[in-house]
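Per-entry structural report
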Amino acid sequence: TRGLYASSRVAHVPAVFDNNSAFTKGAAELRLYYSPLSRLTLALRTAGEKIWGEAFPYYEAAYAGGNASVRGFRRERFAGEAAEIAAVKVALQEPYCFTAGDMDGDGDLDLFLANGARLAYHDDGRRLEVVHEAPCRLYRNDGDWRFTDVTAAALPPLGRWVNGVAVADVDGDGDPDLYLACFDADVLLVNAGGRFEDRTAAWGLGNPLWAASAAFGDADGDGHVDLYVANYCHFDPARPPLEGRRNVVDGVEIGWGPEEENRQGLNPGAPDVYYRNDGRGRFVEATAAAGFALPRPLCSYAVVFADVDGDGHPDVLVANDLQPCNLFVNQGDGTFREEGVARGFAFDARGQATAAMGLAVEDFDGDGHLDVFRTNFDLEPNALHRNDGRGRFRDVAGEVGLAAPSLDRLGWGCAFLDADLDGELDLLVANGHVLPQAAAVGMSPWLQQSQLYAARRGANGALRYEDVTARAGTGLAPARSARGLAIADVDDDGDLDALLVDLDETPRLLENQSPRRGRWLAIRLRGRAPNTDALGARVEVVAGGRTRVREVRRQQGLYSSHDPRLHFGLGPVARVERVRVRWPGGATTVLEDVAPDRFLSIPEPPPPAPPEVRPR
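Residues numbered from 1 in each chain as written. Predicted model: local features only at pLDDT ≥ 70, side-chain atom pairs only at ≥ 80, totals over all residues. Heavy atoms only, no water.

Details of the overall build of the protein chain
Each helix and strand in the protein chain was counted, giving two helices and 44 strands. Considering the protein chain as a whole, with its 616 residues, one finds that 63% of them fall into the buried category. The long-range share in the protein chain, meaning contacts at least 24 apart out of those at least 6 apart in sequence, stands at 61%. Of the accessible surface of the protein chain, which amounts to about 21100 Å², a share of 50% is contributed by carbon and sulfur atoms. (Helix = DSSP H or I, 4+ residues; strand = E, 2+ residues; numbered from the N terminus. Buried < 20%, exposed > 50% of the residue type's maximum accessible area, 1.4 Å probe, protein only. Contact = heavy atoms within 4.5 Å. Areas by Shrake-Rupley, 256 points an atom, 1.4 Å probe, with all protein chains shown as cover.)

Below you can see the structure in the form of C-alpha cells.
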C-alpha cells in the first residue's frame with residue numbers, strides 16, 4: 001500500500017502514500033498564457049532508456065496522449081534494447097495533482113490525478129473565467145505497470161481547480177483519505193472502502209482561499225491527525241489587479257507577481273489556516289488559538305510537519321514567497337511559537353528572504369538531526385539549512401556544492417533519496433520558470449532541466465554534492481517547466497523511483513536501475529488508531545556502525561507526498577544491528593539483528609494496561 005501524488009498546473013506535483021498516508025498539493029500560479037490542452041499518460045514502464053546517468057541509471061516510463069483507454073502494448077527501442085510498454089492514455093485539462101497509493105486495499109499502488117482548470121480571458125483580461133474541462137481521475141493498478149480508469153465508480157463529481165493533495169487517515173479506519181487543496185474551496189474526500197465521498201462540510205472543512213499546499217500531522221499529541229493549509233494570496237478572477245492590465249517589462253507583457261515583488265499592494269498574502277481534529281469527526285479552525293496567526297498574512301507555498309528540535313513534538317515549517325520563512329516551534333501543549341528568524345531558518349546565507357518554494361526535511365549529513373533543503377527562485381541559490389542539534393540552522397548550501405548549480409534555475413519540488421544504496425542521501429530537484437516569457441526579460445528560460453545531485457563523501461569524511469544531471473541520461477535531459485516531484489519504490493524492488501510533473505507536458509515516471517552499491521531496508525510503521533500512519537514517529541537504523549534517522553511524514557517537497565515506507569540505503573553491510581522506533585505516543589520498539597534487503601512492517605505496541613484497582 002503505497003502511493004504517489006503529483007500536483008501541477010498542467011501537472012504540478014507528485015506524491016506518495018499508502019492505505020494510510022498523505023498526499024500533497026500543487027500550488028497554482030496565474031500565468032499570462034496557457035496551453036489550451038494538456039495530455040497525460042499514466043502507467044508505463046520500459047526496459048531500456050537511461051534516466052539518471054552513470055552512477056544513477058534510471059529508466060523512463062512511456063507516456064502518450066489520447067482518449068482514456070488501454071491501448072495494449074507497443075514496442076520501442078531505448079538504449080539499444082526492445083521494450084514492452086503498456087500505456088494508459090487520457091486527455092487532461094490543466095492537471096495539478098497526481099497521487100499514488102493503495103486506494104482499494106489490494107496491495108498495489110493506485111494513481112489519483114487531481115486536475116486543475118484553465119482561465120478564459122474576457123474584455124482584454126478585465127474579467128477572467130475559470131473553465132473546468134477535465135475531472136479528477138483515479139486509476140487502479142492491475143500490476144505489471146498497467147492501470148484501469150475507475151473514476152466513475154470511485155470518485156464523486158468534482159468541479160474544482162485542484163492545486164494539490166494531502167493524504168492521511170483522518171477518521172482512523174485504516175485507509176487513506178484525500179484533502180484537495182484548491183484555487184477555490186478545498187475538498188475532503190473520505191475513503192469508504194475504495195469509493196471516495198465528499199465529506200467536506202460534515203468534517204467542518206472548506207478553506208475558501210487560494211491554497212498552495214497542505215499537510216497532516218498530530219500537532220497536539222492527542223492521536224488525531226490535524227491539518228495545516230498553506231494559502232498563497234488573495235486573487236479574484238472576476239476582479240483581477242488593475243482591471244486586467246498586465247505588467248510590462250522591457251516591452252514584454254507578463255503577469256503580476258506577489259505583493260513583495262510588485263510593491264504596489266497587488267496579490268497580497270492570504271492567511272494560512274490550521275484545523276484541529278476534535279476526535280469526534282470534525283475539524284475545528286484553531287489558527288490563532290494554536291499560535292499560527294501572523295501580524296500580516298504571507299504568500300505561502302510548502303508546509304512540512306517535522307520535529308526539528310528533537311523534543312518529540314512536531315514543529316511546522318512554511319516556505320514563503322519573497323518573505324521570511326516560518327518555523328513554528330511546538331510548545332508541547334498543542335500551541336506554537338514562531339521562531340524562524342531566531343533559529344536561522346527565515347533567511348538564506350546572505351541574510352535575505354527568498355522566493356522560497358519547496359522544503360525537503362531529512363538528516364542529509366548523518367549526524368542524527370533533521371536538516372532542511374529549500375528551493376528558491378531564479379538567480380537565487382537554493383538553501384540547505386544544517387541543524388545544529390538544537391533546532392537552530394545555518395545555510396551551508398554553498399559549502400556542500402548546492403548553491404552555484406542552482407543560480408540559473410527556479411526550483412520547486414525536491415526530495416532526498418539514496419539512489420544507489422551507498423548509504424548517502426542524494427538529491428533530486430524539479431526546475432522550471434513561472435514565466436513563459438522569462439528569457440525575453442533577462443531571466444533564465446521557461447524550460448529548464450531538473451537536477452540530480454549525487455552525495456560524495458571525501459577521505460576526510462566531509463560530504464559534498466555533485467550535479468550529475470549531464471550524465472543522467474534522457475529522462476532528465478529534456479528542458480521542461482517542472483513542478484511536482486514524488487519519490488517511491490513503485491515496483492517494490494528495493495530502490496526508490498521518481499515521478500516528475502511538468503507544466504503543459506506529460507509527467508515523467510523514472511524507474512531506478514542504478515548499479516547497487518549496498519543493501520537496503522524499507523520500514524512501514526502500523527500505528528494504532530486513530531493515527532494509523534504513525535505520523536511523527538522517528539526511526540533509527542544502525543548498520544555498519546552508522547546510525548540513520550528518518551521521520552514518518554506524508555508531505556514534503558512541494559505539492560507532493562512520497563512513499564509512506566521509510567527507505568534506508570545502507571551501503572555494503574551484512575546485517576542491520578538495530579532498528580529503534582520512537583512512536584508518537586512515546587513508546588519505543590527495538591529490533592535487533594535484522595536482515596537487510598527486505599520490507600519490514602512494525603506494529604505499534606498496545607498501550608500499557610491501567611493499574612489494577614483492588615478493593616480494600
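Here's the deal with the environment of Asn531
In this fold, Asn531 is placed in the loop between strand E38 (519-526) and strand E39 (538-543). For Asn531, a relative accessible area of 7% gives the class buried.

Notes on the sheet that holds strand E41 (residues 566-571)
The strand order E41-E38-E44 describes an open sheet built from three strands, whose pairing is mixed. At either margin of the open sheet sits one strand with a lone partner, and together these are E41 and strand E44 (598-603). Averaged over all adjacent pairs, the angle separating strand axes in this sheet is 25 degrees, with direction ignored. (Pairing = 2+ DSSP bridges. Axes fitted to C-alpha atoms, helices over the stretch in contact; angles between N-to-C directions.)

Observations concerning the pairing of E38
Counting buried positions along E38 yields six of eight residues, so the element is predominantly enclosed. In the sheet, E38 pairs with E44 via six bridges, with the strands oriented parallel. Paired with Leu521 across the strands is Arg598, a residue of E44.

Remarks on the nonpolar core
Counting residues in hydrophobic clusters, the biggest one holds 41 residues, and the most contacted among them are Tyr301, Leu317, Phe345, Met357, Leu359 and Trp412. Contributing elements (two or more residues each) for this core: strand E20 (252-254), strand E23 (300-306), strand E24 (315-320), strand E25 (326-330) and strand E27 (359-362). Residue contributions to this core peak at four residues, all from E23. Not counting residues within four places of it along the chain, the set of residues in contact with Leu359 comprises Ala302, Val304, Leu317, Val318, Ala319, Phe345, Val372, Phe373, Arg374, Cys414, Gln556 and Gly557. (Core = buried A, V, L, I, M, F, W, Y, C linked by side-chain atoms within 4.5 Å.)

Side note on the pattern of salt bridges
Summed over all chains, the structure comprises 35 salt bridges. Linking Arg343 and Glu339 is a salt bridge whose minimum nitrogen-to-oxygen distance equals 2.6 Å. Its relative accessible area of 12% is what places Glu339 among the buried residues. (Salt bridge = Lys/Arg side-chain N within 4 Å of Asp/Glu carboxyl O.)

Brief notes about the side chain of Glu424
Its place among the elements puts Glu424 in the loop between strand E31 (411-417) and strand E32 (426-431). In this structure the side chain of Glu424 is engaged in a polar contact, spanning 2.9 Å, whose partner is the side chain of Arg546. Among residues more than four places away in sequence, those in contact with Glu424 are Leu417, Asp418, Ala455, Arg457, Leu463 and Arg546. (Polar contact = N/O pair within 3.5 Å; in protein donor to acceptor, adjacent residues only side chain to side chain.)

Let's talk about the sheet that holds E23
Across the sheet, which stays open at both edges, the four strands sit in the order E23-E24-E25-E26 with antiparallel pairing between neighbours. Looking at strand neighbours, the two that pair on one side only are E23 and strand E26 (336-338), the edges of this open sheet. Ignoring which end each strand starts from, the neighbouring axes of this sheet average 20 degrees apart. Sheet analysis places E25 next to E26, joined by three bridges and oriented antiparallel. Bridged to Asn330 within E26 is Phe336.

Remarks on the side chain of Thr354
One can find Thr354 in the loop between E26 and E27. Judged by relative accessible area, Thr354 falls into the buried class, the value being 0%. At 3.2 Å, the side chain of Thr354 forms a polar contact with the side chain of Arg374. Beyond its immediate chain neighbours, meaning those up to four positions away, Thr354 contacts Asn320, Asp321, Leu322, Gln323, Asp348, Arg374, Asn376 and Glu380.

Points about the pairing of strand E29 (residues 383-387)
Of all five residues in E29, four are buried, a share of seventy percent or more. As paired elements, strand E28 (residues 371-374) and E29 share three bridges and run antiparallel to each other. Bridge pairing links Arg374 to Ala383 in E29. Strand direction decides the pairing type here: E29 and strand E30 (residues 393-395), joined by three bridges, are antiparallel. Its bridge partner lying in E30, Asn387 is registered against Phe393. The hairpin turn running from E29 into E30, its antiparallel successor, is five residues long, and Gly389 in that turn takes a positive phi close to 100 degrees.

Digging into the packing of aromatic side chains
One pass over the structure, following the stated rule, counts 19 aromatic pairs. Three or more aromatic residues joined by ring pairs form one cluster here, namely Trp161, Phe183, Trp210, Tyr232, Phe235, Tyr301, Trp412 and Tyr559. (Phe/Tyr/Trp six-rings, centres within 6.5 Å; stacked < 30°, edge-to-face > 60°.)

Structural notes on the environment of Arg246
Along the chain, Arg246 falls in the loop between strand E18 (226-231) and strand E19 (247-249). Distance from Arg246 to Asp124, taken between C-alpha atoms, is 9.9 Å for residues 122 residues apart in sequence. A polar contact is formed between the side chain of Arg246 and the backbone oxygen of Asp124, at a distance of 2.9 Å. A distance of 2.9 Å separates a polar atom in the side chain of Arg246 from the backbone oxygen of Gly244.

Overview of unusual backbone geometry
A cis geometry characterises the amide bond from Ala529 onward to Pro530, with omega recorded as 10 degrees. As for its placement among the helices and strands, Pro530 is situated in the loop between E38 and E39. Positive phi, normally seen in glycine, also occurs at Tyr559, with a value near 60 degrees. In this fold, Tyr559 is placed in the loop between strand E40 (546-551) and E41.

Observations concerning the state of the cysteines
If you walk through the whole model with that rule in mind, you get zero disulfides. No disulfide involves Cys182; its sulfur sits 7.7 Å from the nearest other cysteine sulfur, which is in Cys136. (Disulfide = S-S within 2.5 Å.)

A look at the environment of Ala349
Inspection of the secondary structure puts Ala349 in the loop between E26 and E27. For Ala349, a relative accessible area of 59% gives the class exposed.

Side note on the confidence of the model for the protein chain
With 83% of its residues at a pLDDT of 70 or more, the protein chain has an overall mean of 82. Contacts from residues 1-97, a stretch scored under 50 in pLDDT, to residues over four places away or in other chains number 540 contacts. (pLDDT = per-residue confidence, 0-100.)

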